[in-house]
Amino acid sequence: MTHSVIAVLAHVDSGKTTLSEAILYKSGAIRKLGRVDHKDAFLDNDPIERDRGITIFSKQAVFEWGDTSFTLLDTPGHVDFSGETERTLSVIDAAVLVVSAVDGVQSHTRTLWRLLKRYNVPTIVFVNKTDMPGADKGFALRSCQAKLSQGCVDMTQPREELLEALSVTSESLMEQYLEMGDVTDEAVKQAVAARELIPCFFGSALKLTGIEKLLDGLCSLVTLPKGSDEFGARVYTITDDGSGARLTHMRITGGSISVRDVISYTDKEGNEYSEKISRIRIYSGEKYQNTDTAVPGQVCAVIGLSAVSVGQALGAAHESEAPVLEPVLTYAVIPPEGVDDHVMLRALKTLEDEDPSLNAGYDEQTRQLYVSLMGEVQLEVLKRRILERFGIEASFGEGRIAYRETIEAPVMGAGHFEPLRHYAEVHLRLEPMPRGSGLSFDSDCSTDLLAKNWQRLILTHLRERIHKGVLTRSPITDMKMTFTAGRAHLKHTEGGDFRQATYRAVRQGLRYAKSILLEPYYSFRLEIPAACVGRALTDIDTFGGTAEPPETQGDEAVITGRAPVAALRFYHTEVAAYTKGLGRLFTNADGYDLCRNPDEVIERIGYDPDSDTVNTADSVFCSHGAGHSVPWNEANEYMHIKDEPKKTLDEQAEEIQARAQSFVRRAAADEELMQIFERTYGKIERKENAKLHTPKDPPKADNKKPRPVPKGPLYILVDGYNIIYSWERLKKLSEKSLDLARSELINIMANYRGFMQCELIVVFDAYRVKGDHREVEQHSGISVVYTKEAETADTYIERTAHKLSKDHRVRVATSDRLEQVIILGGGAMRVSAHEFELEVDAAQKAVREIMDRL
């Protein structure tokens, strides 16, 4: 029997839990049909859920239909618990999106649709409540096609009409229909998997109509992923079983997991664990069955993993996307008298393990506990959970808007941490990303510069912390952080050293950058009497929001749009007042955008980054046997990694372009260099009207004080054979002819030397010369050295680099690890073969761009 995981999603009060009950009842998984309003629903079994009549926690149930065993995940429909819904999307094979036949697609339905699109989840729509007064099947289908996808197709219509509707959803279905007059089941499944086709079914969950067709559709239309033989799993939630046992709920994506298996993983702090699975449970509602083994496609709860986190991938499973939905409000937590802050924080952190969006923490500056929430309903539920779970009757301050910060342009940041007997240095590149991207992390550092294990640790430290901005101390977002360079000490570096250096590098980059303040936005649906449209539109414009043209239906009007949370937070009371209780406002979190009044907000919060010692940008260096702090804006002069003066990415691009232009002009004036140049880039064909004009570099003002450098010119020493066998293009050439590969490298280096305006020496091990002397040849301005018989290229380069570095800047291009260590000790700078290839390619690309413009 195959296994599949599906989730049921909907706007609140669309009948989602009722549909889940109907599916379980029709499939024979339950004998009694429960109801939300009767407080006996099979999946809404938590006392809080039954009291409030809404789903708050994702629950699972198992049922069988045909030859497939399904795990059904019932998700919350209320907007305040959208984070719980989003976490399930990474573990499902398909989703059933419930739409009311009376209301059509609503605001939260569209948010769920965007999430399903982001996670690329195949979706089936079930139009519910077709038995209700005012239900309109055609209206609901048109609403889905207009607001969700044109690929929404009524799967219950007659065969001929269905084939025509299917054919217009994808090219492959159209081709089959035109050729055969029919479409294959496999092609339809592929269209569903690609989200080109959105099958729509109709019925009433309460009256149990249309359920069988929906279940048949799930069996015939959903493509199940192929699991690998290697174990993999993805954690989607963590709960407590009521007796203190920590349950880790996961979907098995590959291989299998058995009791007493040892699972190795790394927690969010970077600590490595190897823990044994003591029990495996398959839950269905409140009940569960113990099993010895879970197989691909199953969702199980295991006991024994103490430090995994929600969303974590185990084994061979791929990491899931970072959550899109973020809390928009922050509340101060006030413990009751007699309860210590540490006790309160421990309780909040336990709940945060189960719901990461809480972001519970302690503000060192204000000495205040805080949590982040989506709204007032979630706050009330949290109060009750704390009371029932920990016996603490906590109170909360007034909710504040949860701002975010990002940066306007790319910037570099560096952090150094070197108190006595400690050492770490980290360099990062921070780049702005599109709105809603969140944070992403990458490494662009060669392992020749820093070992892979240290690089992984640095990336872990970037992920583990909520990094605060420098405007209001709000969390940063929509940014890519790339690790570009770092250094460790063989004896003194410990893991915690890189944590400090990484935090300081992020912070220094933010201090150098131009930061932007973001505020949360709601998408809204406002239902009001038509006579009140003018007042509503004026309010929305005042709020800094945007609105679609009103849709008028008789005496009622519907306005949809987007506006800041700060403006809409209490607007429902105004709506009730000016519509005399006839208006309704529905809001839904819709990401972050530019703050309307940043100066006012920054002044009101009054944050001073210089006095924030917890989030310092200063670096620590060692001098005379003791560590001392260096201010962030002076630390670059003390950094140990400074191959080149600090430049922004734009400045680096301008420099490459300027060098390329200069190289082209010099090549045109130098006959020998011109011959080499044209062999590489082709003949220069200047436009007729440009032949009489010589481009000149505009004068540049340079107010920066340059970093002191040696007086002599730059020397680049190239380990010839090391480069040949490291560059793929030269390596392939050497397999045909080593002499041809050498000639090609010399030709490339001649062009690079003209571009860089430096002294360049290429060194080869003894090849032509037998005896006790070496041979030096000149080729187009570069020196080619063939070492003597008993002398290696390494030896020559080490000796020459040591001699030249006294009066010159020296760079050595090689990937020989031992040689790199010796070179550093001699005062030269080294660049790996891979990094050197990237530099050469960038130079050639810049020259070709200049050529294309001529």
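As a reminder, the structure under discussion sits directly above these lines.
Chemist: Which residues make up the environment of leucine 450, and what are the values?
Modeler: Relative to the helices and strands, leucine 450 resides in the loop between strand E26 (439-443) and helix H12 (452-464). Owing to a relative accessible area of 3%, leucine 450 belongs among the buried residues under this scheme. The spacing of leucine 450 and alanine 488 is 38 residues in sequence and 7.2 Å in space, taken between C-alpha atoms. Not counting residues within four places of it along the chain, the set of residues in contact with leucine 450 comprises Cys445, Gln455, Ile458, Phe483, Gly486, Arg487, Ala488 and Phe498.

Chemist: An account of the environment of threonine 291 is needed here, citing residue identities and associated values.
Modeler: Considering the arrangement of structural elements, one finds threonine 291 in the loop between strand E14 (287-290) and strand E15 (293-294). Look at threonine 291 and you get partly exposed, because its relative accessible area is 25%. Through-space distance from the C-alpha of threonine 291 to that of arginine 279 is 7.7 Å; in sequence the pair is twelve residues apart. Side-chain polar atoms of threonine 291 contact the backbone oxygen of threonine 293, separated by 3.2 Å.

Chemist: I'd love a proper account of the pairing of strand E1 (residues 2-10), names of residues and values included.
Modeler: In terms of burial, E1 is a largely internal element, seven of the nine residues being buried. Where E1 lies against strand E3 (residues 68-74), seven bridges are found, and the strand directions are parallel. In the strand pairing of E3, histidine 3 is matched with serine 69. Sheet topology places E1 next to strand E4 (residues 94-100); five bridges connect them, and they run parallel.

Chemist: Tell me about unusual backbone geometry, and name the residues and values.
Modeler: Phi at asparagine 359 is positive, roughly 50°, even though this residue is not glycine. Positive phi is not limited to glycine here, since arginine 421 has a value of about 65°. Looking at the element boundaries, arginine 421 is found in the loop between strand E24 (411-417) and strand E25 (424-432).

Chemist: Which residues make up the sheet that holds strand E16 (residues 299-303), and what values do they have?
Modeler: The strand order E14-E13-E16-E9-E8-E17 describes an open sheet built from six strands, whose pairing is antiparallel. Strands at the two margins of the open sheet, each flanked by one partner only, are E14 and strand E17 (313-315). Geometrically, the sheet is characterised by an average inter-axis angle of 40° between neighbouring strands, direction not taken into account. Inspection of the sheet shows strand E8 (residues 232-240) paired to strand E9 (residues 246-254) by eight bridges, in the antiparallel sense. Opposite threonine 237, over in E9, you have histidine 249 as the bridge partner. Its contacts with the sheet put helix H10 (residues 341-354) on E8 and E9, and the angle it makes with E8 is roughly 140°.

Chemist: Describe the sheet that holds strand E40 (residues 829-831), with residues and values.
Modeler: Sheet strands pair by backbone hydrogen bonding; their relative direction is either parallel or antiparallel. Pairing is mixed across the open sheet formed by six strands, whose spatial order is E37-E38-E36-E35-E39-E40. Both edges of this open sheet fall to strand E37 (775-779) and E40, since each of them pairs with a single strand only. Each strand axis lies, on average, 20° off the axis of its neighbour in the sheet, ignoring direction. Relative to E40, strand E39 (residues 810-813) runs parallel, the two sharing three bridges. Opposite valine 812, over in E40, you have arginine 830 as the bridge partner.

Chemist: Residue-level account of the pairing of strand E31 (residues 556-564), with values.
Modeler: Bridging between strand E28 (residues 515-529) and E31 involves nine bridges; their strand directions are antiparallel. Within the sheet, the bridge partner assigned to proline 529 lies in E31 and is glutamate 556. With two bridges connecting them, strand E29 (residues 546-547) and E31 associate as antiparallel partners. Within E31, the position partnered with alanine 547 by the bridge is glycine 561. As paired elements, strand E30 (residues 551-553) and E31 share three bridges and run antiparallel to each other. Bridge pairing links glutamate 551 to valine 558 in E31. In textbook terms, the turn of a hairpin is the stretch between consecutive antiparallel strands, and for E30 and E31 this stretch comprises two residues, one of which, glycine 554, has a positive phi near 65°.

Chemist: Tell me about the environment of asparagine 271, and please be specific about residues and values.
Modeler: Here asparagine 271 shows up in the loop between strand E11 (262-266) and strand E12 (272-276). Judged by relative accessible area, asparagine 271 falls into the partly exposed class, the value being 39%. In this structure, the C-alpha to C-alpha distance between asparagine 271 and alanine 307, residues 36 residues apart in sequence, is 9.2 Å. Apart from the residues lying within four places of it in its own chain, the contact partners of asparagine 271 are Tyr265 and Thr266.

Calculation rules
- Residues numbered from 1 in each chain as written.
- Predicted model: local features only at pLDDT ≥ 70, side-chain atom pairs only at ≥ 80, totals over all residues.
- Heavy atoms only, no water.
- Helix = DSSP H or I, 4+ residues; strand = E, 2+ residues; numbered from the N terminus.
- Buried < 20%, exposed > 50% of the residue type's maximum accessible area, 1.4 Å probe, protein only.
- Contact = heavy atoms within 4.5 Å.
- Polar contact = N/O pair within 3.5 Å; in protein donor to acceptor, adjacent residues only side chain to side chain.
- Pairing = 2+ DSSP bridges.
- Axes fitted to C-alpha atoms, helices over the stretch in contact; angles between N-to-C directions.

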